[in-house]
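Okay, here's what each chain looks like letter by letter:
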Amino acid sequence: MIIKKQDKLIEIKKLEAMARRISDHHSATPLVISDLKKKQTEITGEKQVDFPLGFLDEETYFILHNVRLEDANGFFQMDTLLLSECYFTVLEVKNWQGTIRFGENGQVTRRTPDHREEGYQNPIFQVKTQVYRLQKWLRNHGFPQLPIYHYVVISSPSTIIESSSSNTTLPKEVIHNNELFFQMKRLEEKNHKKTLSREQLEMAAYLLKEKHVP
């Protein structure tokens, strides 16, 4: 059951309106255009993830998209949250094209279709931090501790994921979009203990939605 829908379309519309009104020579123009392209790429990837999520049992999972919460360290945002009575799952969605290489010491590089190479922040560290902050946030709001899994979902099936050398193992948390449904089914098979009652699950879902900060 979807509790909170995608809301980045609102951000995109605001940026589109700003891009139309701002002068081509304004110092902020490159930043506005860059942010607009970034948001458009993000929402394309997140929409692709909606397809495998549509196969999940609506009675088992509550789904929240683009949740931004405040804690003692500021704000943290999660692309997609899947909530069940047994465990939660945080998804970090990346609409990366080309070839993604995971190297030693957490280095991540992307080779674009036009053969340029770019370095990126490791999304695994990013989503692990989100999980840590979410666990603390839930505890501060009176919910019991439960398993929280995390995955980096590469939304484009044509994107190649590889290690930089034979000595580097691909992170198991990084999956293609078409693996997502089957990965969630594997989690169901090994997690049978209910930590939350149905009432607590609903309370958590609607509290997360209520506490979302745009």
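Predicted model, so just to flag it, every value in this text is computed and none were measured.

*Asks:* How should the overall build of the protein chain be read in this particular structure?
*Replies:* If you tally the helices and strands in the protein chain, you get five helices and 10 strands. Per-residue burial for the protein chain yields a buried fraction of 45% across its 214 residues. Taking the intrachain contacts of the protein chain between residues at least 6 apart in sequence as the baseline, contacts between residues at least 24 apart amount to 66%. Taken as a whole, the protein chain presents about 12,100 Å² of accessible surface, with 51% of it coming from carbon and sulfur.

*Asks:* What should I look at first to understand the nonpolar core in this one?
*Replies:* Judged by nonpolar contacts, the single largest core of 34 residues is most densely connected at L81, L83, F88 and L134. For this core, the secondary structure elements donating two or more residues are β2 (62-71), β3 (74-83), β4 (88-94), β5 (99-102), α3 (123-140), β8 (148-154) and α5 (198-211). Here this core takes six residues from α3, the largest share from any one element. Listed in part, the 17 residues of the second largest apolar core include V49, C86, Y87 and L180.

*Asks:* How should I be thinking about the confidence of the model for the protein chain in this particular structure?
*Replies:* Should the pLDDT be low somewhere, the predicted coordinates at that spot are not to be read in detail. When pLDDT is averaged along the protein chain, the result is 86; 81% of the residues meet or exceed 70. In the model of the protein chain, helix α1 (residues 8-21) stands out as the element of lowest mean pLDDT, 59, in contrast to α5, which has the highest, 97.

*Asks:* Just to check I follow, could you spell out the environment of Q97 for this structure?
*Replies:* By the element assignment, Q97 lies in the loop between β4 and β5. Separated by 61 residues in the primary sequence, Q97 and S158 have C-alpha atoms spaced 7.5 Å apart. At 3.1 Å, the side chain of Q97 forms a polar contact with the side chain of N95.

*Asks:* Would you mind going over the pattern of salt bridges with me for this structure?
*Replies:* Opposite charge on two side chains allows them to pair when their charged atoms are near. Applying the stated criterion across every chain yields a total of 11 salt bridges. Its salt-bridge partner being R133, residue D71 comes within 2.7 Å of it at the nearest N-O pair. Of this pair, D71 sits in strand β2 while R133 sits in helix α3, and the two are 62 residues apart along the sequence. Look at R133 and you get buried, because its relative accessible area is 16%. Of the charged contacts in the structure, one is a salt bridge between E117 and R111, with a shortest N-O distance of 3.4 Å. Salt bridges here are not isolated pairs; linked through shared partners, they connect R101, R111, E117 and E162.

*Asks:* Sorry if this is basic, but what is going on with the sheet that holds β2 here?
*Replies:* Pairing between the strands of a sheet comes from backbone hydrogen bonds, and it takes one of two forms, parallel or antiparallel. Pairing is mixed across the open sheet formed by six strands, whose spatial order is β1-β2-β3-β4-β8-β10. The sheet is open, and its two edges are formed by β1 (2-4) and β10 (174-176), each paired on a single side. Strand-to-strand, the axes of this sheet are offset by a mean angle of 35°, without reference to chain direction. Here β8 pairs with β10 via three bridges, running parallel. Along β10, the bridge assignment pairs I154 with H176. Its contacts with the sheet put α3 on β2, β3, β4, β8 and β10, and the angle it makes with β8 is roughly 150°. Taken strand by strand, α5 contacts β1, β2, β3 and β4, and its axis lies near 60° from that of β2.

*Asks:* Can you help me understand the pairing of β2 in this one?
*Replies:* For a regular strand, side chains alternate in direction, first toward one face of the sheet and then toward the other. By the criterion of burial, β2 is predominantly enclosed, with seven of the 10 residues buried. Where β1 and β2 come together, two bridges link them in parallel fashion. Directly across from K4, in β2, lies its bridge partner L64. Alignment of β2 against β3, held across nine bridges, turns out to be antiparallel. Paired with L64 across the bridge in β3 is L81. Following β2, the chain reverses through two residues before pairing antiparallel with β3.

Thresholds applied
- Residues numbered from 1 in each chain as written.
- Predicted model: local features only at pLDDT ≥ 70, side-chain atom pairs only at ≥ 80, totals over all residues.
- Heavy atoms only, no water.
- Helix = DSSP H or I, 4+ residues; strand = E, 2+ residues; numbered from the N terminus.
- Buried < 20%, exposed > 50% of the residue type's maximum accessible area, 1.4 Å probe, protein only.
- Contact = heavy atoms within 4.5 Å.
- Areas by Shrake-Rupley, 256 points an atom, 1.4 Å probe, with all protein chains shown as cover.
- Core = buried A, V, L, I, M, F, W, Y, C linked by side-chain atoms within 4.5 Å.
- pLDDT = per-residue confidence, 0-100.
- Polar contact = N/O pair within 3.5 Å; in protein donor to acceptor, adjacent residues only side chain to side chain.
- Salt bridge = Lys/Arg side-chain N within 4 Å of Asp/Glu carboxyl O.
- Pairing = 2+ DSSP bridges.
- Axes fitted to C-alpha atoms, helices over the stretch in contact; angles between N-to-C directions.

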